[in-house]
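Examining the three-dimensional arrangement
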Amino acid sequence: MKTKIGRRGLPIMLCALLLVGASVLGTWAYLTATTTAKENTFTYGSIGLTLDETTGGSYKIVPGVDITKDPTVKVAAGSEDCWLFVKVERKGAFLDGVSYEMADGWTALPGEDGVYYREAAAATTEQTFSVLKGDKITVSTDITSAQIAALTGDDKTPSLTFTAYAVQQATVDTAADAWVIANA
């Protein structure tokens, strides 16, 4: 027995199927929820560093007369905790009576000639660190004109060069490790 669906029957049957499907699917409900978005903003840390001096760069050594010399290292406000270094390079011969001392807070880095370090904590204001104790080079009265006359070449015009370095303290445990990074 064959049944024929007439021209009107097919559309009616399709509508009935759609109605049954919609009613069945409509009863399937899901519980849903959505949170409000939380934006995370990241900034980059930094260390701002300058080396300043107000006393000039050319000096005359006179026995018994101290030389005013004021190199200072400045760490900018907002800088990260850091290892701070000053390297003092001597060129030429400084007579035994010409000397300087490092300012309080600087420590000689073992195994490195002329390298001194200190720790600088993060701060909201600029930090200034004097390099030389008393901001001076001491010249003894014991220096003689014969000693000066015996100097030749570069020894006759000695110089000091100051260079400052800073390395973040985060993830760097020792000053020695930080110095290796500063010179990489």
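See the structure shown above.
Computed from a predicted model, the values in this text were never measured in an experiment.

Quick notes on the rules
Residue numbers run consecutively from 1 along every chain, following the written order of its sequence. Selection of residues for local features in this predicted model requires a pLDDT of at least 70, selection of side-chain atom pairs for listing and counting requires 80 or more, and totals for whole chains, interfaces and linings are taken over all residues. Processing note: side-chain calculations cover all non-hydrogen atoms of the structure and skip hydrogens and water entirely. Take the buried Ala, Val, Leu, Ile, Met, Phe, Trp, Tyr and Cys residues and link them wherever side-chain atoms come within 4.5 Å; each set so joined is a nonpolar core. When a residue's accessible area, from a 1.4 Å probe over protein chains only, is under 20% of the maximum for its type it is buried; when over 50% it is exposed; and in between it is partly exposed. Under the DSSP-based scheme used, a helix requires at least four consecutive residues in state H or I and a strand at least two consecutive residues in state E, with every element numbered from the N terminus. Pairs of residues are marked as contacts when any of their non-hydrogen atoms sit within 4.5 Å. In this description, strands pair whenever DSSP reports at least two bridges between them.

Our focus in this paragraph is the nonpolar core. Judged by nonpolar contacts, the single largest core of 26 residues is most densely connected at V88, M102 and W106. When residues in this core are grouped by element, the largest group, four residues, is from strand β4 (residues 82–91). Each residue touching M102, except ones within four places of it in the same chain, is listed here: V88, Y116, V131, L132 and K133. If you look at the next biggest cluster of nonpolar residues, it comprises 10 residues, including W83, V167, V172 and A178.

Our next topic: the sheet that holds strand β2 (residues 67–68). Pairing is antiparallel in the open sheet, where three strands are placed in the order β2-β9-β5. Both edges of this open sheet fall to β2 and β5 (98–99), since each of them pairs with a single strand only. Bridge count between β5 and strand β9 (residues 136–139): two bridges; the pairing is antiparallel. Pairing of S99 across the sheet is with T138, part of β9.

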